[in-house]
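Below are the chains, spelled out letter by letter.
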Amino acid sequence: MKASARAIVIGGGVVGASVLYHLAKIGWSDVLLIEKSELTSGSTWHAAGGMHTFNGEANISRLQKYTIDLYREIEALSGQSCGLHANGGLMLAATQGELDSLKLICSRARYLGMETEMISLDEAQRFNPLIDTRHFIGALWRADGGHCDPAGTTHAYVKAARTLGASVERFTRVLSLAQRRDGSWDVATDKGTVHAEHVVNCAGLWAREIGHMVGIELPVLAMEHHYLLTEDIPELAGRAQEIVNTTDYAGEIYMRQERGGALIGTYEPHGIVWSPLKTPDDFSMQLLPDDFERLAPYFEVGFEHFPALGRVGIRKVINGPFTFAPDGNPLVGPVRGVKNFWVGCAVMAGFSQGGGIGLVLSRWMAENDPGQDIISMDVARFGAFATPKYTSIKVPENYSRRFRLAYPNEELTAARPVRRSPIYERLTAAGAVMGANFGLEHALWFAPEGVVPTETPTYRRSEAFPFVRAECQAVRTTVGIYETTNYGKYEVTGRGARAWLDRVFACRIPKVGCLRLAPMLSPAGRIIGDLSIACLAEDRYMLAGSGFAEEFHMRWFWQAEPPADVFVRSAAATLTGVSIAGPRSRELVQRLVRDDVSSSAFRLFHVKETALGFAPCILTRAGFTGELGYEIWATPDYFASLYDDIWNAGRDLGLQHFGGRALSSLRLEKGYGSFNKDFRPDYTACETGLDRFVDFAKPDFVGRDAALAERKAGPKRRFVVMEVEARDADVIGYESIMKNGAAVGYVTSGAYGHCVGKSLAAGYVPAALARDGERFEIDILGDVCAATIRLEPLHDSKGLRLRS
Ligand SMILES: Cc1cc2nc3c(=O)[nH]c(=O)nc-3n(C[C@H](O)[C@H](O)[C@H](O)COP(=O)(O)OP(=O)(O)OC[C@H]3O[C@@H](n4cnc5c(N)ncnc54)[C@H](O)[C@@H]3O)c2cc1C
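Residues numbered from 1 in each chain as written. Predicted model: local features only at pLDDT ≥ 70, side-chain atom pairs only at ≥ 80, totals over all residues. Heavy atoms only, no water.

### Some thoughts on the side chain of Asp-144
Secondary-structure assignment places Asp-144 in the loop between strand 6 (138-142) and strand 7 (146-147). For Asp-144, the side chain forms a polar contact with the side chain of Lys-65, separated by 3.4 Å. For Asp-144, the contacting residues outside a window of four places in its chain are Thr-53, Lys-65, Gly-88, Gly-89, Met-114 and Glu-115. (Helix = DSSP H or I, 4+ residues; strand = E, 2+ residues; numbered from the N terminus. Polar contact = N/O pair within 3.5 Å; in protein donor to acceptor, adjacent residues only side chain to side chain. Contact = heavy atoms within 4.5 Å.)

Put into structure tokens, the structure is as follows:
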């Protein structure tokens, strides 16, 4: 075995093999894959090999397409067949909700360049004659996808990697990982120690155990999964073409042809966790005892929907384990605090996703940038809240919903409520319907007295619509209160704080007593944060941003290596907050503070430490609604008293609660984008319009060169808000924006603008088309709706109310 390598990939399943190939392809030929047994011997060897481009996240869909297209490349390079059956895919809907979801997939696919269309059930039956169409109301066909041979594909990656100089050690077990002072690793194996600059954890079923070797607890867990292989089916005999791989949402069944018979699998509601505490060292190429009795009722549904399957015998039952993260997407990227340690694990769809994971990980390792937005599979989307208990509850929930539709207004219930703010009970008593963001409960909307605080899952406007409207109107006409505890909050302190922030952020750092909107760029000039910085003292700053991105931003701060005189810490658990917004908000705040908060004494983007009622707090004049407003931050011990004081002081002013749904509507009426939805690492400062907060005169900040070059050349596309002539549904996200029949952009978020009386969509269009009044079409659940760009905010375009 080699004594050293630039990078060691642990695990020779399909994911490790892909990472090895991509590292070699990017030019890191000195890479070594270590596999404790034979290649494929974890989850990979017994997989059904299905591959498709479907994912709720467009960026992951794109990487899935990349993966499927890659197979021809590695076949050519390696001479090894991947056993491709590129017969496409069918998705069947049995309910209106499922049909809406298929239409949404179609609308999204156009911009992603995927050949996808809604077809009749008769056409669906021509693609797959085993379908009993009486059970369905609609079907989607997509050209991409099919199935491959799991072992052939893994070997093709490895052989292709070898042709590029990579090495593989099989039957070699990694026993421990020890980090040297320079951040490199001593990888101890049962055949000796290898020194490597980087280590990649692609250990699949054992990824958790490899994580333990470096002291981290990855949120990953294995579930048992069954599929059946049938005897030959007479209806398939003599057909020139294989039937198309078919997903049946109502039956929670997937099926495809396997030789003369069929392969049918199900994701049952009460799945079984496999090896919850520790994956056995000696497990490899084994199947688990099947439990057909338990699963029979679910397979029976399949036999009803595809009756020919029930008429033939079962040739084989496969039960094998594979891993999931709590939300079902992979865990990819570097881990905060553990230098040169990377993960590519919890991959539940290795044959659809393995190639894309290899691509982004190799770029990330070589170029310190994944090259595209992969937030939805970034390991940093989970934080400390994803404890083993959380994972043990969320993973089975996700498994049971693998083929259920994720409605945009649906909140999953498992492992909740866990993270609660001190006013959680007060808000639920006021009718709050809660969602969870980074594990923390937050109010989405409030059901008035007499209204049940629940909502039917739908792709269309729900019964919450009139209540959200009332919340928006309260903010625009009197005053509203919104809990901001779920924002990401950070403290940066120390003598070197200003200089460090100045380098990390693209904006000018505010003076003492002021707050500034603060874009953060990657070296390539892409938006990796859209925060605010409040300067409390020359050596003390409070930052606020997207709560979802807390770990993502903490990792970025760690990578930006704060010097010894700078201390950065998350204030997630030490600061709680509310936003007070609306024309009467000043009157309300003034009732509780001794300071003068009149418009001349406490202006927009000013901040002070003061007391509101009983609570010592940080008071800022800022907000996200486009109204006169304040954000108030206090420590959790005072928070309930602060809330009570505000509530009592505001009662006669018409104070109303508002939730996240109303906030989405209010912010879009003002044309404000939101990080994680509209602003993500795919977009640049000029594209997002955040360049107006960039201080290009600063001599040095991360991303400066790229941002300057872009400003000179002009952006290729621009963020815009459009009015949409929608009927009973608003955009959800990632729908294609069409012009003269061609997809020219896509939607990033949307809402109904209750106070302007229009449906609104935010998204990106080519810069040359980003003109006021330019018209487009957006397909909303099959309805082609006219959409018109409005460059001026629809509400208070001059910002007079904000500044009042
Ligand atoms: C029944 C079933 C059907 C499936 N069907 C599909 C499908 O149709 N389509 C699809 O895309 N996916 C499917 N999957 C999921 C798919 O199998 C996984 O996504 C994929 O195999 C994950 O690959 P991996 O490389 O991450 O992990 P693994 O395949 O588990 O590989 C990890 C490797 O790491 C090695 N390793 C672990 N610890 C060490 C150590 N200490 N030292 C050295 N080596 C180590 C292991 O021996 C193993 O070979 C299915 C899974 C099952 C169980």
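### Examining unusual backbone geometry
Cis geometry marks the peptide bond from Arg-416 to Pro-417; its omega dihedral reads -10°. For Met-285, which is not glycine, the phi torsion reads 40° and is therefore positive. Secondary-structure assignment places Met-285 in the loop between strand 16 (273-274) and helix 7 (292-305). Classification of Met-285 as partly exposed rests on a relative accessible area of 36%. At Asp-796, a residue that is not glycine, the phi angle is positive and equals roughly 45°. Here Asp-796 falls in the buried class, since its relative accessible area comes to 15%. (Buried < 20%, exposed > 50% of the residue type's maximum accessible area, 1.4 Å probe, protein only.)

### Some thoughts on helix 7
Taking 1.5 Å per residue, 14 residues should reach 20 Å; helix 7 reaches 19 Å between its end C-alpha atoms and fits that length. At Tyr-298, helix 7 is deflected by roughly 40°, the largest bend along its length. Buried residues in helix 7 make contact with strand 12 (221-230), strand 13 (245-248), strand 14 (253-258), strand 15 (261-266) and helix 8 (307-310). (Expected span 1.5 Å × (residues − 1). Bend = angle between axes of the 7 residues up to and from the residue.)

### Some thoughts on the sheet that holds strand 36 (residues 758-766)
If you trace the six strands once around the closed barrel, you get 33-36-35-34-37-38, paired in antiparallel fashion. Neighbour to neighbour, the strand axes of the sheet diverge by 40° on average, direction disregarded. Pairing of strand 37 (residues 775-780) with strand 38 (residues 783-789), which is carried by six bridges, proceeds in the antiparallel orientation. In the sheet register, Ile-778 faces strand 38, and the bridge partner there is Cys-785. (Pairing = 2+ DSSP bridges. Axes fitted to C-alpha atoms, helices over the stretch in contact; angles between N-to-C directions.)

### Quick word on the packing of helix 15 (residues 585-592) against helix 16 (residues 636-650)
Viewed as axis vectors pointing N to C, helix 15 and helix 16 meet at an angle of 120°, and their least axial separation amounts to 9 Å. One element, helix 15, and the other, helix 16, form an angle in the oblique class. Helix 15 and helix 16 meet at a crossing whose hand is right-handed. Counting all contacts with helix 15, which are made through Leu-588, Arg-591 and Leu-592, the residues of helix 16 involved are Asp-645, Ile-646, Ala-649 and Gly-650. Of the residues in the contact of helix 15 with helix 16, the class split is four nonpolar, one polar and two charged. (Parallel < 35°, antiparallel > 145°, perpendicular 65-115°, else oblique. Left-handed = near helix turned anticlockwise from the far one by under 90°. Nonpolar A, V, L, I, M, F, W, Y, C, P; charged D, E, K, R; others polar.)

### Here we look at the sheet that holds strand 25 (residues 527-537)
What the five strands build is an open sheet, ordered 24-25-26-23-27; its pairing is antiparallel. At either margin of the open sheet sits one strand with a lone partner, and together these are strand 24 (515-521) and strand 27 (567-570). The average angle at which neighbouring strand axes cross in this sheet is 25°, direction not considered. The sheet contact formed by strand 25 and strand 26 (residues 540-545) spans five bridges and is antiparallel.

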